[in-house]
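In case you want the letters, here they are:
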Amino acid sequence: MTIGQPLIQARGLVKRFGDFTAVDGIDVEVRRGEAFGFLGPNGAGKSSTMRMIGCISPPSGGELRILGLDPVRDGPAVRARLGVCPQLDSLDPELTVRENLTTYARYFGIPRRVARERAAELLDFVQLTERAESRVDPLSGGMKRRLTIARALVNDPEIVLLDEPTTGLDPQARHLVWERLFRLKQQGVTLVLTTHYMDEAEQLCDRLVVMDGGRIVAEGSPRALIERHATREVVELRFAGDSQEAFAGKLDGLGERVEVLPDRILLYVSDGDAAVAEVSARGLDPAGVLVRRGSLEDVFLHLTGRTLID
Amino acid sequence: MVGLPLPRLAGVTGARRSAAIAERNLTALRSAYWLVLVSGFLEPVLYLLSIGIGVGALVGDLTLPGGAVVSYAAFVAPAMLASSAMSGALSETTFNFFGKMKYMKLYDGVIATPVQPFEIALGELGWAMARGGLYSAAFLLIMVALDLTTAARALVAFPAAVLVGFAFGALGMTVATLLRSWQDFDLMGSAQFTLFLFSGTFVPAEAYPAAVRWLVELTPLYRSVHLIRGVCVGESGWSWLLDVAYLVALTAGMLALASRRMGRLLYL
Ligand SMILES: Nc1ncnc2c1ncn2[C@@H]1O[C@H](COP(=O)(O)OP(=O)(O)O)[C@@H](O)[C@H]1O
Ligand SMILES: [Mg+2]
């Protein structure tokens, strides 16, 4: 492949299961060294896309090139250069933590001695050295996730695919994973990750696409997306009583946009405090007021009319 | 991704990846496995002792179609060897393979590496044969010790038994990709037992009515028993060539089929 050519290039990529279309013609380009994200709610088609990129799911239509190669014809050659952390861990329950790494390395044809060295380094990297001789089952969710990430690195991959790397982890475990992924990024590894956590996408991704219903609804850097589809600040108002709707009319003209959710009203504004003052000036007395920065959650809400996590 | 799996058999990398699958099983070996190993070996030995020697005392000697006269135990022992090679291979490739694929989801992780379904199938089969080979070698030692065959014949019978294992292992793997739940194993167990009873195991196939006999002679266990018995009692002319061709074809065909099915199940 030539210099500057994208590592991953998809055009009109489609995945169908029977007559259901899970990925509906997406265009994606991932460049060397960047951290690229797929942000979207459950069922958006993120995993289906990742599996096609990982060469374990043949595309139903469109074009896909990975590292300049064809994922179906050159599957083994591409997979040799990828590291994959699937949504479900798929660790080997009959092996110990260390054996999971050494055995996986052998699948890549890595010599035993090198495999042992890599395993030791990676265990250290994901802070699992103390559990090296334990079986996989007794590990916590966060530990299993870290082991899966370590396993994805065993072949020194050029691209690491991470499907929801921190879903289901407690905040502490999430931060540890983020920190490790951040280090990988600094080492120049190309990261492709999916998430339905907007803070994860904002923290880790240089560029991302927002997916919904198998399609891409927006693309750009987190900052650019927020600037384009949200505002600098957002005021969340909660009014006592059943219906937020009743209060919406009284907020007309406040900021760029007003979004009414079942449990709160969002005001998209450039200056949050000024907007809060204006709300009181109009004689409204919400039970809860929160001023925060505009986020990818707002972008998603604006583009799809729905929240990322139900 | 699925493609034609057989040409890849030639590749050195393919063989190395298959070896990595077998190596994984070796790493996973824990103490409990030895129990399974011992029980798998004891079963045919018990049949041999109870039926071959016990019933043999009542039946007396048999005259084989070729004219050779052998003791009943010498007649039954090769069949026990063939069926133990069968059941060893089947239990490894159906029960264990099914569990690894559908419950442990082991191969979901493996397919994300360069390893392909055909290489997984070959690796698992090779591994199953290591176990089957152990059973067969031990059983042949007992046969020689009991004077049911000669050491020279036992040496020839060993690769024959390994071939039988390969054929049934490949068959079992294909079956495993077709099974839906553990309940289906009952069905498979019955099929296996039927084969065990009616494959010229305990009586010569010539004793069956012509129509049944034809049917029996088409079954893989019959061909296996025929091959190994021919070697052990030393009378089969050239008909062993047919048995070998049958078993080699069964192995190749089933391996190809099993890896195709695996590809379908894994590459969603
Ligand atoms: N193997 C499959 N067979 C049938 N439908 C599937 C399969 N895998 C995923 N789907 C469907 O495709 C859609 C997208 O799924 P997925 O790619 O897993 O989304 P996400 O990862 O964004 O949650 C979902 O509606 C899911 O039910
Ligand atoms: Mg998913």
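Participant: Account for the overall build of chain B, with residues named and values stated.
Facilitator: For chain B, the count of helices and strands is 10 helices and 2 strands. If you list the helices and strands of chain B from N to C, you get α-α-β-β-α-α-α-α-α-α-α-α. Scaling as 2.2 N^0.38, a compact globule of 268 residues should have a C-alpha radius of gyration of about 18 Å, and chain B matches this with 19 Å. When its C-alpha atoms are laid out on the principal axes, chain B stretches across 60 × 40 × 35 Å. Split into buried and exposed, the 268 residues of chain B put 52% on the buried side. Excluding contacts between residues fewer than 6 apart, the proportion of contacts in chain B whose partners are at least 24 apart in sequence is 78%. Surface accessibility of chain B: about 11500 Å² in total, with carbon and sulfur atoms responsible for 73%.

Participant: With reference to specific residues and values, describe the packing of helix α3 (residues 97–107) of chain A against helix α4 (residues 112–125) of chain A.
Facilitator: Residues and elements named next belong to chain A. Where α3 meets α4, the closest approach of the two axes is 9 Å, and the angle between their N-to-C directions is 135°. Classified by the angle their axes make, α3 and α4 are oblique. For the crossing formed where α3 meets α4, the hand is right-handed. Only Arg112, Ala115, Arg116, Ala119, Ala120, Leu122 and Leu123 of α4 make contact with α3, whose side of the interface consists of Val97, Arg98, Leu101, Thr102, Ala105 and Arg106. When grouped by side-chain class, the residues that make up the contact of α3 with α4 number 8 nonpolar, 1 polar and 4 charged.

Participant: A description of the pairing of strand β10 (residues 233–238) of chain A should follow, citing residues and the corresponding values.
Facilitator: Residues and elements named next belong to chain A. The buried fraction of β10 amounts to 5 of the 6 residues, a majority that puts the element mostly inside the structure. The pairing of β10 with strand β13 (residues 288–293) spans 6 bridges and is antiparallel. Bridge pairing links Leu237 to Val289 in β13.

Participant: Which residues make up the pairing of strand β3 (residues 35–39) of chain A, and what are the values?
Facilitator: All names here are of chain A. Most of β3 is tucked away, with 5 of its 5 residues classed as buried. Residues Ala35, Gly37 and Leu39 line one face of β3 and the alternating positions Phe36 and Phe38 line the opposite face, and both faces are buried. Here β3 pairs with strand β7 (residues 190–195) via 5 bridges, running parallel. What sits directly across from Ala35, in β7, is Leu191. Relative to strand β8 (residues 207–212), β3 is paired through 4 bridges, and the arrangement is parallel. Each residue of the ladder has a partner; that of Phe36, found in β8, is Arg207.

Participant: Which residues make up the coordination of the magnesium ion (ligand 2), and what values do they have?
Facilitator: The textbook angles at a metal center are 109.5 degrees for a tetrahedron of four donors and 90 or 180 degrees for an octahedron of six. Residues and elements named next belong to chain A. Donor atoms from the polypeptide that coordinate the magnesium ion (ligand 2) comprise Ser47 (OG) and Gln87 (OE1), at 2.0 to 2.1 Å from the metal. Residue Ser47 is located in helix α1 (residues 46–53), and its partner Gln87 is located in the loop between β5 (82–85) and α3; the two are separated by 40 residues in the primary sequence. Judged by relative accessible area, Gln87 falls into the partly exposed class, the value being 36%.

Participant: Describe the sheet that holds strand β12 (residues 265–269) of chain A, listing the residues and the values that go with them.
Facilitator: Residues and elements named next belong to chain A. Judged by pairing direction, the sheet is antiparallel, and its 4 strands sit side by side in the order β11-β12-β10-β13 without closing on themselves. If you trace the sheet from one side to the other, it starts and ends with β11 (257–260) and β13, each paired once. Pairwise comparison of adjacent strand axes, ignoring direction, gives a mean angle of 20° for this sheet. Inspection of the sheet shows β10 paired to β12 by 5 bridges, in the antiparallel sense. Bridge pairing in β12 links Glu233 to Val269. Across the face of the sheet, helix α11 (residues 296–304) comes into contact with β10, β11, β12 and β13 while running at roughly 105° to β12.

So, how was this worked out
- Sequence order sets the numbering: in each chain, residues are counted from 1 along the sequence as written.
- Chain labels run from A onward and ligand labels from 1 onward, assigned in the order the entries are written.
- Local features in a predicted model are, by the rule used here, given only for residues with pLDDT of at least 70; side-chain atom pairs are given and counted only at 80 or more, and totals for whole chains, interfaces and linings are based on all residues.
- Water and hydrogen atoms play no part in the side-chain values, which are based on all heavy atoms of the structure.
- Runs of E in the DSSP output that reach at least two residues are strands. Runs of H or I that reach at least four are helices, and both are numbered from the N terminus.
- A radius of gyration in this sense is built from C-alpha atoms; the matching globule rule multiplies 2.2 Å by the number of residues raised to 0.38.
- When accessible area is computed with a 1.4 Å probe and restricted to protein chains, residues below 20% of their type maximum are described as buried, those above 50% as exposed, and intermediate ones as partly exposed.
- In what follows, a contact means two residues having at least one pair of non-hydrogen atoms within 4.5 Å.
- Using a 1.4 Å probe, the Shrake-Rupley method yields the accessible areas, and only the shown protein chains count as cover for residues.
- Between N-to-C directions, angles span 0 to 180 degrees; the directions come from axes that are lines fitted to C-alpha atoms, helices contributing only their stretch in contact.
- Note on angle classes: values under 35 degrees are labelled roughly parallel, values over 145 roughly antiparallel, values of 65 to 115 roughly perpendicular, and the remainder oblique.
- Take the far helix as the reference: if the near one is turned anticlockwise from it by less than a right angle, the crossing is left-handed, and if turned clockwise, right-handed.
- The nonpolar class holds Ala, Val, Leu, Ile, Met, Phe, Trp, Tyr, Cys and Pro. Asp, Glu, Lys and Arg form the charged class, and all remaining residues, Gly among them, are polar.
- For two strands to be treated as a pair, DSSP must find no fewer than two bridges joining them.
- Coordinating donors are taken to be N, O and S atoms lying within 2.8 Å of the metal, or within 3.2 Å when the metal is Na, K or Ca; because water is excluded from the atom set, some sites may appear incomplete.

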